[in-house]
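Residues per chain, in single letters:
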Number of protein chains: 2
Amino acid sequence: MTEQELLNIAIEEARQGLAEGGVPIGSAIMDAQGNIVGRGHNLIFQTKDPTAHAEMCAARSVGIRNDWKSFTLATTLSPCLMCSGLITFYQIPHIVIGDDTTVPGARNALARHNISYDILNDHTCIDMLQTWIDQNPQKWALIIGHEHPEN
Amino acid sequence: MTEQELLNIAIEEARQGLAEGGVPIGSAIMDAQGNIVGRGHNLIFQTKDPTAHAEMCAARSVGIRNDWKSFTLATTLSPCLMCSGLITFYQIPHIVIGDDTTVPGARNALARHNISYDILNDHTCIDMLQTWIDQNPQKWALIIGHEHPEN
């Protein structure tokens, strides 16, 4: 499975979130053989869970495993420090990022932990989220936090 | 409510986790008036959720609010980078840490984001977790990850 194909599954998740009335951000995780082992989308508004970022929801669906070091995680939006911390905690070695223009994410944290990443800046990811933000500025402000963006 | 009293609620949560057969790590969150607004314990083994660290579970129970900047979070074990990222994302300004001897946690990340913290090194926190680790070394190895400890 190519990086774009993995990202496309994350985009499917983002579309599902949008259909549920949530923020359109999605994530997907594959193993070394290209099998999808986890997928999920941001559920903050659907479940009132402030930790329910897309990457967290995808990781929850993986369950308890000891082979995280063989995984690749794709996310439609550059991961925040919480999600980057999840990635470093379980040592997922490679990340595919669909959009780092809307927010830059905690790329310095990824780099500090020797996590490699490719930034695709896919127009579907960018346009879907930007359209939602334009339509829901107060909701976006409520969940984005104000963290120092790149650490 | 004093820092020790807030930590004592986190310890109650850790004891509850132990009673459920889980890792005895707990967390509690209070607002500026000293009201408990969130509490939880590590649920990784109970729910097969790799993201269910105590601080994450406590934050989930808070729900969606816009006054995180007035909160104090206590945790029986020094927070990892994922949980420190949660703290910085919602800008919780002050943390009470019950034990930083078992693992040091991502204190550099807290400091980088101007999060203040007090380390109590409470013997109940330390002894309860260390006893569990001694009895469950394989389970501990499965969930602790191998992240660079202080970043």
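Everything below is about the structure shown above.
All values derive from a computational prediction rather than experimental measurement.

What counts and how
Residues numbered from 1 in each chain as written. Chains lettered and ligands numbered in written order. Predicted model: local features only at pLDDT ≥ 70, side-chain atom pairs only at ≥ 80, totals over all residues. Heavy atoms only, no water. Helix = DSSP H or I, 4+ residues; strand = E, 2+ residues; numbered from the N terminus. Rg over C-alpha atoms; globule rule 2.2 N^0.38 Å. Buried < 20%, exposed > 50% of the residue type's maximum accessible area, 1.4 Å probe, protein only. Contact = heavy atoms within 4.5 Å. Phe/Tyr/Trp six-rings, centres within 6.5 Å; stacked < 30°, edge-to-face > 60°. Lys NZ or Arg CZ within 6 Å of the ring centre and 35° of its normal. Least-squares fit on C-alpha atoms with pLDDT ≥ 70 in both. Polar contact = N/O pair within 3.5 Å; in protein donor to acceptor, adjacent residues only side chain to side chain.

It is worth spelling out the overall build of chain A at this point. On a plain count of helices and strands, chain A comes out with seven helices and five strands. The order of helices and strands in chain A, counted from the N terminus, is α-β-β-α-α-β-α-β-α-β-α-α. Relative to the compact-globule value of 15 Å for 151 residues, chain A shows a C-alpha radius of gyration of 14 Å, a close match. Principal axes of the C-alpha set define a box for chain A whose edges measure 40 × 30 × 30 Å. For chain A, buried positions account for 58% of its 151 residues. For chain A, contacts bridging at least 24 residues in sequence account for 57% of all contacts bridging at least 6.

The next subject is the packing of aromatic side chains. Going through the model one piece at a time under the given rule, you end up with eight aromatic pairs over all chains. Geometrically, the ring pair formed by Phe-45 of chain B and Trp-132 of chain B is tilted, given 6.4 Å between the ring centres and 40 degrees between the ring planes. Of the two residues, Phe-45 of chain B is situated in helix H2 (residues 44-47) and Trp-132 of chain B in helix H6 (residues 123-135); the sequence distance between them amounts to 87 residues. Grouping residues by exposure puts Phe-45 of chain B and Trp-132 of chain B together as buried. Relative to Tyr-90 of chain B, the ring of Phe-89 of chain B has its centre 5.2 Å away and its plane inclined at 80 degrees; by these criteria the two rings are edge-to-face. Within the aromatic cluster, the residues linked to one another by ring pairs are Trp-68, Phe-71, Phe-89 and Tyr-90 of chain A. Above the face of the Phe-45 of chain A ring, Lys-139 of chain A is positioned so that its terminal group lies 5.0 Å from the ring centre.

The two copies are related by a screw motion: chain A maps onto chain B through a turn of 180 degrees and a shift of 0.0 Å along the axis, at an RMSD of 0.0 Å. Look at the turn and shift together and you get a two-fold axis relating the two. Distance from the rotation axis, computed per C-alpha, reaches its smallest value in chain A at Met-82 of chain A: 2.2 Å. Most of the interface of chain A is mirrored in chain B: 100% of its interface residues are interface residues there too.

The next point concerns the side chain of His-41 of chain A. All names here are of chain A. Locating His-41 in the fold gives a position in strand S2 (residues 36-41). Engagement of the side chain of His-41 in a polar contact is seen with the side chain of Glu-20, the distance being 2.9 Å. Once residues lying within four places of it in the same chain are set aside, the contact partners of His-41 are Glu-13, Ala-14, Gln-16, Gly-17, Glu-20, Ile-25, Gly-26, Gln-46, Ala-52, Ala-54 and Cys-57.

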